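Working through the structure, step by step
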Amino acid sequence: MEEVITKRNILAASHKVFDPLGITGPVLLLPKLWLQSLWKSQIGWDQEVYIKTRQDFLKWLKKLEYLKHVKVPKWLHWDSGFQHISLHFFCDASKLAYSAVVFLRLDIGSPVNIQLVQSKTRIAPCGKKETTIARL
C-alpha cells in the first residue's frame, strides 16, 4: 500500500473485517486506538497521518492476513448429553480499553467442552473527564 495513509483509510480497513461474535476484538482494538489518537490531534480525514502511525498501520495490515487461518466452531454441542452446563462472563478494563467475554462450559463426562458465545471490546472514552478503571 503505497498511497497516503489517512484516517479514512484506517477506518475503512478496520471496518472490512466482519466479526459478529467479537472474536477479533484484540486485533481490531489497535486501529480504534489510532483513530482516537488522530481524532485528539485534530488531523483531517484526508490528511496524511504521522509516520509512526503509518508504520504501525502497515504492519497491522500485513498481519491481518493471519485472520484467515482462525477457525471458530459454530456448534455449541448443546444437543449432546451433558451433566453440567454453565455460562461464564468475564470483563476487564484498562485506561485505554475495556472488554467482556461470554463462554459456555459443558461437562460431557470426562471431556469438558468450552465454547465462545460472544465478546465485545470498546475503547475508553476520551474527554474532559477521564473515566476510572473501576467504572469502565
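Below, the structure is looked at part by part. (Residues numbered from 1 in each chain as written. Predicted model: local features only at pLDDT ≥ 70, side-chain atom pairs only at ≥ 80, totals over all residues. Heavy atoms only, no water.)

Here we take up the packing of helix α2 (residues 25-40) against helix α3 (residues 51-63). Two elements in contact, α2 and α3, have axes whose closest approach is 11 Å; the angle formed by their N-to-C orientations is 160°. Between α2 and α3, the angle falls in the class roughly antiparallel. The hand of the α2/α3 crossing is left-handed. Judged by residue contacts, Val27, Leu28, Leu30, Pro31, Trp34 and Leu38 of α2 engage Thr53, Asp56, Phe57 and Trp60 from α3. Residues belonging to the contact of α2 with α3 are distributed by class as follows: eight nonpolar, one polar and one charged. (Axes fitted to C-alpha atoms, helices over the stretch in contact; angles between N-to-C directions. Helix = DSSP H or I, 4+ residues; strand = E, 2+ residues; numbered from the N terminus. Parallel < 35°, antiparallel > 145°, perpendicular 65-115°, else oblique. Left-handed = near helix turned anticlockwise from the far one by under 90°. Contact = heavy atoms within 4.5 Å. Nonpolar A, V, L, I, M, F, W, Y, C, P; charged D, E, K, R; others polar.)

Looking now at the sheet that holds strand β2 (residues 97-107). Taken together, three strands build an open sheet; the order of strands is β1-β2-β3 and the sheet is antiparallel. For this open sheet the edge positions go to β1 (84-93) and β3 (112-123), each flanked by a neighbour on one side alone. Here the average twist between neighbouring strands, direction ignored, is 15°. Bridging between β1 and β2 involves ten bridges; their strand directions are antiparallel. Looking across to β2, one finds that isoleucine 85 is bridged to leucine 106. (Pairing = 2+ DSSP bridges.)

Next up on the list: the packing of aromatic side chains. Evaluated as defined, the whole model comprises five aromatic pairs. Taken together, a centroid distance of 6.3 Å and an interplanar angle of 90° make the contact between tryptophan 34 and tryptophan 60 edge-to-face. Taken together, the residues span a long stretch of sequence, with tryptophan 34 in helix α2 and tryptophan 60 in helix α3 at a distance of 26 residues. Each member of the pair, tryptophan 34 as well as tryptophan 60, carries the same accessibility label: buried. A centroid spacing of 5.8 Å and a plane angle of 15° characterise the contact between phenylalanine 90 and phenylalanine 103, whose relative ring orientation is stacked. (Phe/Tyr/Trp six-rings, centres within 6.5 Å; stacked < 30°, edge-to-face > 60°. Buried < 20%, exposed > 50% of the residue type's maximum accessible area, 1.4 Å probe, protein only.)

Here the focus is the nonpolar core. Membership of the largest hydrophobic core is limited to twelve residues, which are Ile5, Ile10, Ala13, Leu28, Trp34, Leu35, Leu38, Ile43, Val49, Phe57, Trp60 and Leu64. Broken down by secondary-structure element, the contributors of at least two residues to this core are α1 (7-14), α2 and α3. For this core, the leading source of residues is α2, giving four residues. Excluding residues within four positions of it along the chain, leucine 64 makes contact with Val17 and Val27. (Core = buried A, V, L, I, M, F, W, Y, C linked by side-chain atoms within 4.5 Å.)

Quick look at α3 now. Across its 13 residues, α3 extends 19 Å between first and last C-alpha, which sits within 8% of the 18 Å expected from 1.5 Å per residue. For α3, every residue scored as buried is listed here: Thr53, Arg54, Phe57 and Trp60. Down the axis of α3, the buried set is contained in an arc of 130°. They therefore lie on one face. Turned more than 90 degrees away from the buried face of α3, the exposed residues are Ile51, Lys52, Lys62 and Lys63. (Expected span 1.5 Å × (residues − 1). Arc of directions from axis to C-beta.)

This part is about the environment of alanine 100. Considering the arrangement of structural elements, one finds alanine 100 in strand β2. Put simply, alanine 100 and glycine 25 are 75 residues apart on the chain and 10.0 Å apart in space, counted from C-alpha to C-alpha. Once residues lying within four places of it in the same chain are set aside, the contact partners of alanine 100 are Phe89, Phe90, Cys91, Gln118, Ser119 and Lys120.

From the geometry alone we can't say anything about function, so treat these as descriptive.
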